[in-house]
Amino acid sequence: MTFETTGSGPAPSTQSGDVLLKIENLVKHFPVKSSKLITREREFVHAVEDVSLEVRQGETLGLVGETGCGKSTLARCVARLYPVTGGKIFFDGRDITSLSPRKMRPLRRDIQMIFQDPYGSLNPRRRVGSIIGDPFAIHRTAKGEDRKSKVQHLMEMVGLNPEHYNRFPAEFSGGQRQRIGVARALAFSPKLIICDEPVSALDVSIQAQILNLLSDLQRELGLTYIFIAHDLSVVRHVSNRVAVMYLGRIAEQAPSEEMWNHPRHPYTDALLSAVPLPDPDHAQQRERIILAGDVPSPIHPPSGCRFHPRCPKARQTCVSTEPELITRLGDDAGHIAACHFPVEDGEDISLSTPAIAEDQRVVESGLIAGA
Ligand code: SF4
């Protein structure tokens, strides 16, 4: 699926803008019940592992990866919906990692989320005016006619008819319901909006409308977004920079077009090869990279590079040594990739053959029962 939108894409890159959000070595583990009966050892899902990121004021950072790669968990840690296991989160220059709920409360106005499912995230029994007015009620900043006029103004901003204030969510289409979610997020002119797969539940034509709305609002209001998606073509359209996650870690990070044109991590290359191209000639020339096996268990992630059981370029070094996230010679300074053997421009990695023991690959990718 490719995107033809009428909007003008993300706001211009703000590399010189102030850092609004800084994440340092963030770790999030979830305890799980062990399947082994005779053990006292607790097991953990390693959902996010040692992630460091910066988001500058007025920009959009796209966060991409397969389901279960940790991108939504990372977003929820930033919004302080989950406590973190380790690392630091700085927002607007302030360490918010361990703020108490009371101290976090005023900051909640500045960090808002838009959720994936416009059908499930709205209470079907409540009127739209009341749903959008929630933030004003919770923070006790407006009531009565004042709240109503603020809500109707927000409805206008997102392209909803303010006269539909008293309708129920079921009376709106999917795209309109997502606009309701956007309006609610905008109530307090937040500094950061985390968009967690905001268009993946919508039809393609409606997706483009919501993406354009988000871009327009960003330009008008100077918003900063973290935009989560599993579809790279969506992320390319809306993001200034993109970070690709694999099994809880950042695999690669770069300005959007740089990532699109010069992927260095084999995983990014494989994701890009799956994006349909509008030009049939170009599409015919490109080889789809099929990755071996499934994503390994985040309870027992593979040693060394976590991608090695599925990587066409894997070597023995990849099994034993974890690659650092660094910039390669000649790349854009903001382009970092965690790979010992990065992809060269023009290289076709579908022709590569991994040079590690096959049984090791199979065991670590979890293809053998009980492995
Ligand atoms: Fe593949 Fe090795 Fe690079 Fe990991 S470090 S992505 S296994 S080549």
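This text gives an overview of the structure that appears in the document.

Conventions adopted
Residues numbered from 1 in each chain as written. Predicted model: local features only at pLDDT ≥ 70, side-chain atom pairs only at ≥ 80, totals over all residues. Heavy atoms only, no water. Pairing = 2+ DSSP bridges. Helix = DSSP H or I, 4+ residues; strand = E, 2+ residues; numbered from the N terminus. Axes fitted to C-alpha atoms, helices over the stretch in contact; angles between N-to-C directions. Parallel < 35°, antiparallel > 145°, perpendicular 65-115°, else oblique. Left-handed = near helix turned anticlockwise from the far one by under 90°. Contact = heavy atoms within 4.5 Å. Nonpolar A, V, L, I, M, F, W, Y, C, P; charged D, E, K, R; others polar. 1 Å grid on protein atoms, 1.4 Å probe; cavity = no way out; pocket = protein on both sides within 12 Å on 5 of 7 lines; lining within 4 Å. Points joined across faces, edges and corners; volume = space filled by probe spheres on them. Near = heavy atom within 4 Å. Sits in = over half its atoms within 2 Å of the grid points.

Our next topic: the sheet that holds strand β7 (residues 192-196). Within the open sheet, the eight strands sit side by side as β6-β7-β8-β3-β9-β10-β12-β11. Their pairing is mixed. Two strands in the sheet have a free side with no partner beyond their single neighbour: β6 (111-114) and β11 (325-326). In this structure, β6 lies alongside β7, joined through four bridges in parallel fashion. Within the sheet, the bridge partner assigned to M113 lies in β7 and is I194.

Bringing the packing of helix α6 (residues 174-186) against helix α7 (residues 204-221) into the picture now. As a packed pair, α6 and α7 sit with axes 10 Å apart at the nearest point and diverge in direction by 20 degrees. With respect to their mutual orientation, α6 and α7 come out roughly parallel. Crossing angle aside, the handedness with which α6 passes α7 is right-handed. Residues G175, Q178, R179, V182 and L186 of α6 form the contact with α7, whose own contacting residues are I206, Q209, I210, L213, L214, L217 and L221. Residues of the contact of α6 with α7, tallied by class, amount to eight nonpolar, three polar and one charged.

Moving on, we come to empty space enclosed by the protein. Per the counting criterion, the structure on display carries two cavities of 30 Å³ or more. As a volume, the largest cavity reaches approximately 70 Å³. If you go around the largest cavity, you meet 14 residues; those closest to its centre are P266, C305, C311, C318 and C339. Residues of the lining of the largest cavity, tallied by class, amount to ten nonpolar, three polar and one charged. Looking at the second largest cavity, its volume works out to about 30 Å³. Taken together, T60, L214, S215, Q218, Y225, F227 and V238 make up the full set of residues lining the second largest cavity. Secondary-structure elements contributing two or more residues to the lining of the second largest cavity are α7 and β8 (224-229).

Turning our attention to the site of the ligand. Near the ligand lie 13 residues; those nearest to it are C305, C311, C318, C339 and H340. Taken atom by atom, the bulk of the ligand overlaps the largest cavity. Of the residues belonging to the shell around the ligand, the class tally is nine nonpolar, three polar and one charged.

Look at N25: it is not a glycine, yet its phi comes out positive at around 50 degrees. With respect to the helices and strands, the residue N25 is situated in strand β1 (residues 19-32). Phi at L247 takes a positive value of approximately 50 degrees, unusual for a residue other than glycine.

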